[in-house]
Amino acid sequence: MGRSTAWSLCRSGNHVVLLDGGHAEKGSWGESRIARLSYADPVMVRLARRSYELYGTLSQKASQPIMYKTGCLDVSCRKDLLDNLAKTYEDLGQPYERLNHKQVEQRWPVLQLTTDYVQASVYCPEGDAVALGVVMETLKDQIHTLAGPAAYIDESVVSIDRQKKTVTTEDGTVISYSKLVLAAGIWTNGLLQKMNLSLLPLVATIEQNTYYAPSKGREPLYGISAMPVVKEHMPPPNGMKKFGGYMIPHMPNGVEGVKFGMHRQGPVLEHEDFPVLPGSAAAVERHFRSAQTRGRDLWCRRWPEDEDSYLRSETDAYCKRILPSLQVHRSELTMRCPYDQHLYADEDFVVGFHPDDPDVVVVAGFAGEGFKFAPAIGEMASSLITGQTFAVPELIHRFRLNRPNYLK
């Protein structure tokens, strides 16, 4: 989000300095992400389309492919969730298909959906596996090209003086600013606390993805040219945040195996580096499904180093539901990743001016959904600063920071 915002500002001719250092465990790490249009909310589809346009612009500057077209298959145990998605596609004129399990298997032989899912999957040709590392390096190169090497500083921030409008880095560099964008992921509230700004209803969770290896000689059947990305839509209990699974086929020259992950089911970080507002713990227990499934394992006081056995059992089960030919004991790699989640009473992102300081823009609360939207979100943050019209203007109000939340 930080690099995308800096890229957008640079392209508009603004003077930009990007501080991007200090933490190894960033939200934007690993090898791949999913880009898709599969949102029942038509406004979010418009945002995704704008992001696709900007990824297309960025890809022209990249030395390697940024995106690999796979298509996106959406599955669910409830037909109404898929019907809502199909209606949005209809209304927006977006090509799509409804497929039963036999049709899915005929098109992609290794995809064998179990009876856990309804016979009404939705396939959209607009779905991609995104090469995360290439995107990150291309954004960095573009910032260097447009604004010079001095615009990118790989140092962590030690202090921010809002009165003097300065940022001081770990090596003692002092940088003046007129507007400040905080795109700090799970460290957002920690920075706000240092700046004496009101905290936001944000919490940090640690999720997990696992790569499952195909049997020797069958690897081509599980690559990006042979399978779509798959998104699982599960009906959340009343008042709960959405959850589900995702699958990304094997990427060229990537980690061996197929990537599986579960959405919003990891433990919540309870640590002084990640301060939260009063009432956050109770709100998590009311509105996060993980509070029902993890029990005492809901909270963790440090970054976990070991594999999460609950999340592993969930990805094992998801793998069996869609790719039973993969052997779940043949895992190649398990990775942990942070989610910056929020406790607002909606599923929207958190992008806008801080209520206590009109010179500070916060970009946060993406909960694992942000990378596909990053170029468009960067453009949105840029438009807030420059006053230019944003392509999806209604989201300025929807993503604002001072909106209803679950805290009591």
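Our subject is the structure that appears above.
Fair warning: this is a prediction, and the values are worked out from it, not measured in the lab.

Each value, and the rule that gives it
- Just so you know, the residues in each chain are numbered from 1, in the order the chain's sequence is written.
- Only residues with pLDDT of at least 70 get local features here, since the model is predicted, and only at 80 or more are side-chain atom pairs given and counted; chain-wide, interface and lining totals rely on the full set of residues.
- Only hydrogens and water are set aside when side-chain values are computed; all heavy atoms of the structure are taken into account.
- A simple rule labels every residue: compare its accessible area, found with a 1.4 Å probe on the protein chains alone, to the largest value its type can have, and call it buried under 20%, exposed over 50%, or partly exposed in between.
- Secondary structure elements follow DSSP: runs of H or I of four or more residues count as helices, runs of E of two or more count as strands, with numbering from the N terminus.
- Strand pairing is defined by DSSP finding a minimum of two bridges between the two strands.
- A carboxyl oxygen of Asp or Glu within 4 Å of a side-chain nitrogen of Lys or Arg is what we treat as a salt bridge.
- Within this scheme a cavity is a closed region of a 1 Å grid, computed over the protein atoms alone, that accommodates a 1.4 Å probe without allowing it to escape, whereas a pocket is open but has protein on both sides within 12 Å along at least five of seven lines; lining residues each have an atom within 4 Å of a point.
- Grid points are joined across faces, edges and corners, and a volume is the space filled by probe spheres set on the points.
- When the centres of two rings from Phe, Tyr and Trp lie within 6.5 Å, Trp using its six-membered ring, the rings pair. Their planes under 30 degrees apart give stacked, over 60 give edge-to-face, and anything left gives tilted.

Draft legend 1. Molecular detail of the pairing of strand 13 (residues 202-212). Along strand 13, 11 of the 11 residues are buried, which leaves the element largely enclosed by surrounding structure. Side chains Leu202, Ala204, Ile206, Gln208, Thr210 and Tyr212 of strand 13 all project onto a buried face; the interleaved residues Val203, Thr205, Glu207, Asn209 and Tyr211 project onto the opposite face, where all are buried too. Sheet analysis places strand 13 next to strand 19 (residues 331-342), joined by 11 bridges and oriented antiparallel. Counted as the bridge partner of asparagine 209 is methionine 335 from strand 19. As judged from the four bridges shared by strand 13 and strand 16 (residues 258-263), these two strands associate in the antiparallel manner. Looking across to strand 16, one finds that tyrosine 211 is bridged to lysine 259.

Draft legend 2. Seen up close, the pattern of salt bridges. Summed over all chains, the structure comprises 27 salt bridges. Where glutamate 97 meets arginine 107, a salt bridge forms, and the shortest distance between an N and an O atom there is 2.8 Å. Linking glutamate 97 in strand 5 (residues 97-99) with arginine 107 in helix 4 (residues 101-107), this pair joins segments that are 10 residues apart in sequence. The class of glutamate 97 is partly exposed, set by a relative accessible area of 31%. In this structure, arginine 301 engages glutamate 270 in a salt bridge whose closest nitrogen and oxygen atoms are separated by 3.6 Å. A residue pair is termed long-range when its members are at least 10 positions apart, and arginine 301 in the loop between strand 18 (299-300) and helix 9 (309-322) and glutamate 270 in the loop between strand 17 (268-269) and helix 7 (280-287) qualify at 31 residues. Among the residues examined, arginine 301 registers a relative accessible area of 59% and is labelled exposed. Salt bridges here are not isolated pairs; linked through shared partners, they connect Arg294, Asp297, Asp308 and Arg336.

Draft legend 3. Region of interest: empty space enclosed by the protein. Taken as a whole, this structure holds three cavities of 30 Å³ or more when the rule is applied. Considering only enclosed or pocket space, the largest cavity measures out at about 60 Å³ in volume. Lining the largest cavity are Gly185, Ile186, Thr188, Asn189, Leu202, Val203, Ala204, Phe274, Pro275, Val276 and Asp340. Elements that contribute at least two residues to the lining of the largest cavity include exactly helix 6 (188-194) and strand 13. The element best represented in the lining of the largest cavity is strand 13, accounting for three residues.

Draft legend 4. Quick peek at the packing of aromatic side chains. This model, assessed by the stated rule, comprises nine aromatic pairs. Both rings, one in tyrosine 212 and one in phenylalanine 260, keep their centres 5.5 Å apart while their planes meet at 75°; by these two values the pair is edge-to-face. In this pair, tyrosine 212 is assigned in strand 13 and phenylalanine 260 in strand 16, connecting sequence segments 48 residues apart. For the pair tyrosine 212 and phenylalanine 260, one class covers both residues: buried. With centroids separated by 5.5 Å and ring planes inclined at 55°, the aromatic side chains of phenylalanine 349 and phenylalanine 399 adopt a geometry described as tilted. With phenylalanine 349 in the loop between strand 19 and strand 20 (350-354) and phenylalanine 399 in the segment after helix 11 (394-398), the pair connects residues that are 50 residues apart, well separated along the chain. Each member of the pair, phenylalanine 349 together with phenylalanine 399, is buried.

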